[in-house]
Amino acid sequence: MHKSTLKLFILFFLLNLSCNLNTNISKELNQYYEKGEFLKILETIQVYESKNSKENPDLYLWKARMYSIYPESYDMAKYFYQKYIKLNPKPESYYEYTLFLIDISEFLTIQELISGENIDPNLIFHPIINDIRNFLECRSKTLEERYNNIFLHLEVIKDLYLFNYCYMLLYSDIYHKIIFKNLQNTNPETYKNLSTTEELNRIQDTTLLLKYRNQNLFSIKELIHLYKEKNSGTLNKEKRIYCSLQQHFPDFKISAISIEECKKNFPNNLTLFRKVLKTSKRNKISVPLFDNKIYSPTYRN
């Protein structure tokens, strides 16, 4: 065999070996991930890196996931998510990172993540990015109590988790400001259980909601109807989503199963194993994505 041909063969063999190695470790890590065996993931990464001097970019995502479980390493998780997204600017990567940032209440970081200056131009109007953008707008208006066009943002969010998260922010606010204050002898739990269609029907048909129909910029009854419309067909199918929401809104019954059952059923749902950080919305400065004020130039004398 000619020397040049031999060199090409060796190079081709090494490249194939490298590709197979990358594929194999990703497959192995994914198997541990599906079972929720997070320590095995860390051990496997450590062994792999001790044997390979060259970095494997695919491991950035796995490191980000593992570091995202513990508050002490949240900054490291952000670092590796950003490294991975820079090399793999896929909408799914942005979405996964967004879910982590929601868990740790870093909403301004999400805003920076999808800003026109930072995001890949091809993704600016991608449906997933649009959902994240509308979610941020929805949350911003809820915190600032600008309820007049909140329905518009809620209705256009297609992602069920982002829709429900923003919905629960709004419903929780309304519950404490309007519903709870006017319950009198009514059982407050009636309005805190959104886990089944039957419970949603019970809330929607209560006289209390009818009483306050015209005292708000929107109807609370219509809000419940919107929630029902989005969730009634999936309450028994998307249990993972409702488990995650339960972590964020423990005062309300969103999941039909307990958190303990959630962890058993979904061992790789990182939100269930993270320490979800809370922020006081009254102390949180919310910056809207778009300022609708009319521009007024400043003239110099």
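First, a word on what this report is: a plain description of the structure on this page. (Residues numbered from 1 in each chain as written. Predicted model: local features only at pLDDT ≥ 70, side-chain atom pairs only at ≥ 80, totals over all residues. Heavy atoms only, no water.)

**Structural notes on the side chain of Asp 159**
At step 1: Among the structural elements, Asp 159 can be located in the loop between helix H8 (150-156) and helix H9 (160-179).
At step 2: This buried residue, Asp 159, is left without a salt bridge; Lys 230 holds the nearest opposite charge, at 9.7 Å.
At step 3: Not counting residues within four places of it along the chain, the set of residues in contact with Asp 159 comprises Tyr 95 and Asp 131. (Helix = DSSP H or I, 4+ residues; strand = E, 2+ residues; numbered from the N terminus. Buried < 20%, exposed > 50% of the residue type's maximum accessible area, 1.4 Å probe, protein only. Lys, Arg positive; Asp, Glu negative; His and termini not counted. Salt bridge = Lys/Arg side-chain N within 4 Å of Asp/Glu carboxyl O. Contact = heavy atoms within 4.5 Å.)

**Quick word on the state of the cysteines**
At step 1: This structure, assessed with the given rule, holds two disulfides.
At step 2: Through a disulfide, Cys 138 is tied to Cys 166; the S-S separation comes to 2.0 Å. Judged by the torsion about the S-S bond (-105°), the Cys 138/Cys 166 disulfide is left-handed. Here the residue Cys 138 occupies a position in helix H7 (residues 127-143), and Cys 166 occupies one in helix H9, the gap between them amounting to 28 residues.
At step 3: Owing to a relative accessible area of 1%, Cys 138 belongs among the buried residues under this scheme.
At step 4: Take Cys 166: its relative accessible area is 0%, and that puts it in the buried class.
At step 5: The disulfide partner of Cys 243 is Cys 262, and the gap between their sulfur atoms is 1.9 Å. Measuring the twist about the S-S bond at about -75°, one finds the Cys 243-Cys 262 disulfide to be left-handed. Linking Cys 243 in helix H13 (residues 239-248) with Cys 262 in helix H14 (residues 259-265), this pair joins segments that are 19 residues apart in sequence.
At step 6: Using a relative accessible area of 0% as the deciding quantity, one classes Cys 243 as buried. (Disulfide = S-S within 2.5 Å.)

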